Amino acid sequence: MSEQHDAVDVIRAKRDHQPLSDSQIDWVIDAYTRGAVADEQMSALAMAILLNGMSREEISRWTAAMIASGERLDFSSLSRPTADKHSTGGVGDKITLPLAPLVAACGVAVPQLSGRGLGHTGGTLDKLESIPGWQASLANDAMMRQLEDVGAVICAAGSGLAPADKKLYALRDVTGTVEAIPLIASSIMSKKIAEGTGALVLDVKVGSGAFMKTVDDARELARTMVDLGTDAGVTTVALLTDMTTPLGLTAGNALEVRESVEVLAGGGPADVVELTVALAREMLSAAGVSDVDPADALADGRAMDVWRRMVAAQGGDPDAELPTSTEQHVINAPASGVLRSLDAYAVGVAAWRLGAGRARKEDPVQAGAGVEMHAKPGDSVTAGQPLLTLHTDTPERFDRAVASLEGAWTIGEDRPERPDVVMERIA
Ligand code: URA
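As the structure is a prediction and not an experimental result, all values here were calculated from the model.

Asks: Looking at this structure, how should I read the sheet that holds strand β7 (residues 327-332)?
Replies: Two orientations exist for strands paired in a sheet by backbone hydrogen bonds: parallel and antiparallel. An order of β6-β9-β11-β7 is seen for the 4 strands of this open sheet, with the pairing classed as antiparallel. This sheet does not close on itself; its edge strands, each paired only once, are β6 (250-251) and β7. Strand direction decides the pairing type here: strand β9 (residues 370-373) and strand β11 (residues 386-392), joined by 4 bridges, are antiparallel. Looking at the pairing, M373 lines up with L388 of β11. Packing of helix α15 (residues 344-356) onto the sheet brings it into contact with β6, β9 and β11, and relative to β9 it is tilted by some 135°.

Asks: Quick question: what am I supposed to make of the packing of helix α2 (residues 22-34) against helix α4 (residues 56-68) here?
Replies: For any two helices packed against each other, one specifies the inter-axial angle together with the distance between the axes. Running from N to C, α2 and α4 cross one another at 35°; their axes reach a closest spacing of 9 Å. Seen from above, α2 lies across α4 with right-handed handedness. Every residue of α4 that contacts α2 at D22, I25, D26, V28 and I29 is listed here: E58, R61, W62, A65 and M66. Here the contact of α2 with α4 is composed, by residue class, of 6 nonpolar, no polar and 4 charged.

Asks: I'm lost on the sheet that holds strand β10 (residues 380-381) in this one. Help?
Replies: Pairing is antiparallel across the open sheet formed by 3 strands, whose spatial order is β10-β8-β12. Strands with a single pairing partner mark the edges of an open sheet, and in this sheet they are β10 and β12 (409-412). Taken together, the 4 bridges between strand β8 (residues 337-342) and β12 define a ladder with antiparallel strand orientation. Paired with S341 across the bridge in β12 is T410.

Asks: What exactly am I supposed to notice about helix α12 (residues 270-286) here?
Replies: In an α-helix, one full turn covers 3.6 residues, which means residues spaced three or four apart are oriented alike. Spanning 17 residues, α12 covers 24 Å between terminal C-alpha atoms, matching the ideal 24 Å at 1.5 Å per step. Residues of α12 that are buried include every one of D271, V272, L275, T276, V277, L279, A280, E282, M283, L284 and A286, and no others. The first or second residue beyond α12 is G288, which carries a positive phi of 85°.

Rules behind the numbers
Residues numbered from 1 in each chain as written. Predicted model: local features only at pLDDT ≥ 70, side-chain atom pairs only at ≥ 80, totals over all residues. Heavy atoms only, no water. Pairing = 2+ DSSP bridges. Helix = DSSP H or I, 4+ residues; strand = E, 2+ residues; numbered from the N terminus. Contact = heavy atoms within 4.5 Å. Axes fitted to C-alpha atoms, helices over the stretch in contact; angles between N-to-C directions. Left-handed = near helix turned anticlockwise from the far one by under 90°. Nonpolar A, V, L, I, M, F, W, Y, C, P; charged D, E, K, R; others polar. Expected span 1.5 Å × (residues − 1). Buried < 20%, exposed > 50% of the residue type's maximum accessible area, 1.4 Å probe, protein only.

Structure representation (structure tokens):
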């Protein structure tokens, strides 16, 4: 039982740059989860945290209090080690789809609790739900069985994990307090630590399509999360990766599943393959497996075998035709030259407006909607050739999607300097 405090005193302390005590943090998270601290009080505290920050000790205690608000899973009875990956969210980021079966094919179990898209970034569950029959919800015992039998699970996080974060995240979303590094770090890490993974690799995106627009901010977020994981006994590593342009050539649910299957079949865009293999290497090494090269397991079809079993175990038909949109609109290159840039945020907004994402949590998404890209920055293009194909079932959406792509690319003469896909590693 935590000591009794007063919400206004806690808010005033953070407003006046005083550190919060362990007991204040334990109390405010518990009381907010129970409804004894009101939303307007938690909003004021979240804004004070956004403006005045938190020390490492405060963030660590805040995270522990959010973990303690719910259940904690335990995979220690499994016959193999576990590793998970979390991405801070990007455009065309389908990496979880090939990555989870790839790592499982190399001997490490992957319990991947995923979310749905909100705003311009897509959600892994929305993508997988475009596979006919596939179910996102699994009971804990079914998840354990699938981890033991197949080695990989991608499913929805149950409502029992870090309920304080669910409530606080929804509040931050509507009070302009999402972008606070202590709050983002504790939100992500409370869920990952409660999930019970033994090792964790964080893919911290940097650029226009990401939460973190600058390398400095991404580095600070990565450092904070790696410290939180390490302090909690989870081997944690972060990669800072480029999100100035979309990953791969597709953004949208079924479009991204199709591209992921191409990667599992040994093809697919080079940047998706490179990042999948880089993250797989980190996950295997963090889980203590060093004698397998994931590039081989991708090339020789072992990862594809696990993918098919993973999809089937959750009711999906891996051989079913994926849904396609009923309407397409092609945007042609206005000039010949080299595609110098293609902005991730603009493509993400276009896919969202076409119906791949949702405006409110409860909205449905269209499986076939999204943006297909026919060139990546650095590719030569010819005037009049297709640059982008927009897909939707509701053609009245095309105008707003096209408007969001205004000024989203540049065509010039010289090949651009492109950042590496993996920019930095933080351990
Ligand atoms: N993802 C989360 O889970 N929480 C945040 O605060 C931001 C991104």
